[in-house]
Amino acid sequence: YQRRVHGEFSITSTMADEKKDAPAKKLPEYELRLRRVIRNPLLKRKQMRLDVLHIGRAGVSKKEPPQKIADLYKIQEPNTIVLFGFKSDFGGGRSSGFCHIYESLHWLKTFEPKFRQVRMDLAKKEKSSRKQRKEKKNRAKLVHGIKKAMVLKGQAIPKKEKVKKDEKKEKKDDQTLR
């Protein structure tokens with residue numbers, strides 16, 4: 001577009017033109033700092049606080065740090081690393097959150113909450129309406145034990161066979177004769 005400078009016209013390129021011509025900018029690197037690293041043998045994982053220093057950068061994607069952590073701890077399966085609870089500090093340049101490193105994918109699926117597994121594409125979210133979820137919850141209230149688990153899974157509960165009145169009388173008669 002044209003711009004008037006001191007009575008003269010000068011032609012300047014738009015932002016779109018600059019983006020096309022200029023080489024792609026490489027984002028500045030980020031630094032990871034691990035704090036309070038503990039091994040949790042009961043839950044088969046290492047857990048820690050993770051500080052990400054990203055000066056000159058708006059933030060870091062959750063998909064980037066697991067690669068660096070996997071290299072640091074020599075982990076073959078980077079999908080056993082779970083990052084969550086990240087908050088950026090006031091003023092920017094630093095974010096902190098939590099990190100869990102599981103021994104295997106099996107232990108991750110066993111101990112990690114379902115919603116985090118859905119975020120990592122390890123599980124599928126149940127798609128049902130609100131009314132269906134409420135009806136399922138209320139059906140589960142009426143039963144106990146194994147039957148409750150069957151209701152929550154959506155399986156049918158086996159019904160008791162109804163005994164006819166004649167059979168009841170025969171059973172009573174048999175019991176009185178003994």
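Just above, that's the structure.
Since the structure is predicted, the reported quantities are computational estimates derived from the model, not experimental observations.

J.: Explain the overall build of the protein chain to me, and be specific about the residues and the numbers.
T.: Across its full length, the protein chain holds 7 helices and 6 strands. Seen in sequence order, the protein chain has helices and strands lined up from the N terminus as β-β-α-β-β-α-β-β-α-α-α-α-α. Of the contacts formed within the protein chain by residues at least 6 apart in sequence, a portion of 42% connects residues at least 24 apart. Roughly 15100 Å² of accessible area belongs to the protein chain as shown, and the carbon and sulfur atoms make up 54% of that amount.

J.: An account of the sheet that holds strand β4 (residues 45–53) is requested, with residue identities and associated values reported.
T.: Spatial ordering of the open sheet is given by β3-β4-β6-β5, a layout of 4 strands whose pairing is antiparallel. Each edge of the sheet is formed by a strand with only one pairing partner; in this case those strands are β3 (31–40) and β5 (81–88). On average, each strand axis in the sheet is tilted by 20° relative to the strand beside it, whichever way the strands run. Summarising the sheet, β3 and β4 pair through 8 bridges and their orientation is antiparallel.

J.: Please provide a residue-by-residue account of the pairing of strand β6 (residues 94–102), values included.
T.: Within β6, 7 of the 9 residues are buried, leaving the element largely enclosed by the surrounding structure. Relative to β6, β4 is paired through 9 bridges, and the arrangement is antiparallel. In the strand pairing of β6, D51 is matched with S96. As judged from the 6 bridges shared by β5 and β6, these two strands associate in the antiparallel manner. Counterpart to I81 in the pairing with β6 is I101. Here β5 folds back onto β6 in antiparallel fashion, the turn holding 5 residues, of which G91 has a positive phi close to 100°.

J.: Can you break down the packing of helix α5 (residues 130–141) against helix α6 (residues 146–153) residue by residue, with the values?
T.: Their axes nearest at 9 Å, the elements α5 and α6 cross at an angle of 170°. What the angle tells us is that α5 and α6 run roughly antiparallel. On α6, the residues that touch K136, R139 and A140 of α5 are K148, V151 and L152. Across the contact of α5 with α6, the residue classes break down as 3 nonpolar, no polar and 3 charged.

J.: Summarise the layout of surface pockets; cite the residues concerned and give the values.
T.: Where empty space is left in the structure can be found by rolling a water-sized probe over the atoms. Of the voids in this model, the largest pocket is the one considered here, and its volume is about 400 Å³. Lining the largest pocket are 15 residues; nearest its centre among them are K62, K63, I81, R119 and M120. Looking at which element gives the most residues to the lining of the largest pocket, the answer is β5, with 4 residues. Here the residues of the lining of the largest pocket sort into 8 nonpolar, 2 polar and 5 charged. Taken as a whole, the second largest pocket spans an internal volume of roughly 230 Å³. Every residue lining the second largest pocket is counted, 13 residues in all, and those nearest its centre are K46, I75, I101, Y102 and E103. The set of elements that each furnish at least two residues to the lining of the second largest pocket consists of β4 and β6. Here the residues of the lining of the second largest pocket are counted per class, giving 4 nonpolar, 2 polar and 7 charged.

J.: Before we move on, can you summarise the nonpolar core with the specific residues and values?
T.: One recurring pattern in soluble globular proteins: nonpolar side chains tend to sit buried together. Counting 10 residues, the largest nonpolar core is built from Y30, M48, L50, V52, I69, A70, I81, L83, C99 and I101. Of all the elements in the fold, those that place two or more residues in this core are β4, α2 (65–73), β5 and β6. Per-element accounting of this core gives the leading share, 3 residues, to β4. Setting aside anything within four residues of it in sequence, one finds A70 in contact with I75, P78 and I81.

What counts and how
Within each chain, residue numbers correspond to sequence positions counted from 1 in written order. Residue-level local features of this predicted model are given only where pLDDT is at least 70; pairs of side-chain atoms are given and counted only at 80 or more, and the full residue set underlies all totals for whole chains, interfaces and linings. With hydrogens and water excluded, all non-hydrogen atoms of the structure serve as input to the side-chain values. To qualify as a helix, a DSSP run of H or I must reach at least 4 residues; to qualify as a strand, a run of E must reach at least 2; elements of each kind are numbered from the N terminus. A contact between two residues is defined here by any heavy atoms of the two lying within 4.5 Å. Working definition of accessibility: Shrake-Rupley area with a 1.4 Å probe, residue cover restricted to the visible protein chains. Strands were regarded as paired on the criterion that DSSP finds at least two bridges between them. Fitting a line to C-alpha atoms yields each axis, with helices limited to the stretch in contact; the angle taken between N-to-C directions then spans 0 to 180 degrees. Only protein chains enter the accessibility calculation, which uses a 1.4 Å probe; a residue whose area is less than 20% of its type maximum is buried, one above 50% is exposed, and one in between is partly exposed. Roughly parallel covers angles under 35 degrees, roughly antiparallel covers those over 145, roughly perpendicular covers 65 to 115, and oblique covers all other angles. Gly is placed with the polar residues, together with every amino acid not listed as nonpolar (Ala, Val, Leu, Ile, Met, Phe, Trp, Tyr, Cys and Pro) or charged (Asp, Glu, Lys and Arg). Using a grid of 1 Å spacing that covers the protein atoms alone, one calls a set of points a cavity when a 1.4 Å probe fits there but cannot get out, and a pocket when the set is open and has protein on both sides within 12 Å along at least five of seven lines; lining residues are those with an atom within 4 Å of a point. Grid points are joined across faces, edges and corners, and a volume is the space filled by probe spheres set on the points. Note on terminology: a nonpolar core comprises buried Ala, Val, Leu, Ile, Met, Phe, Trp, Tyr and Cys residues joined through side-chain atoms within 4.5 Å.

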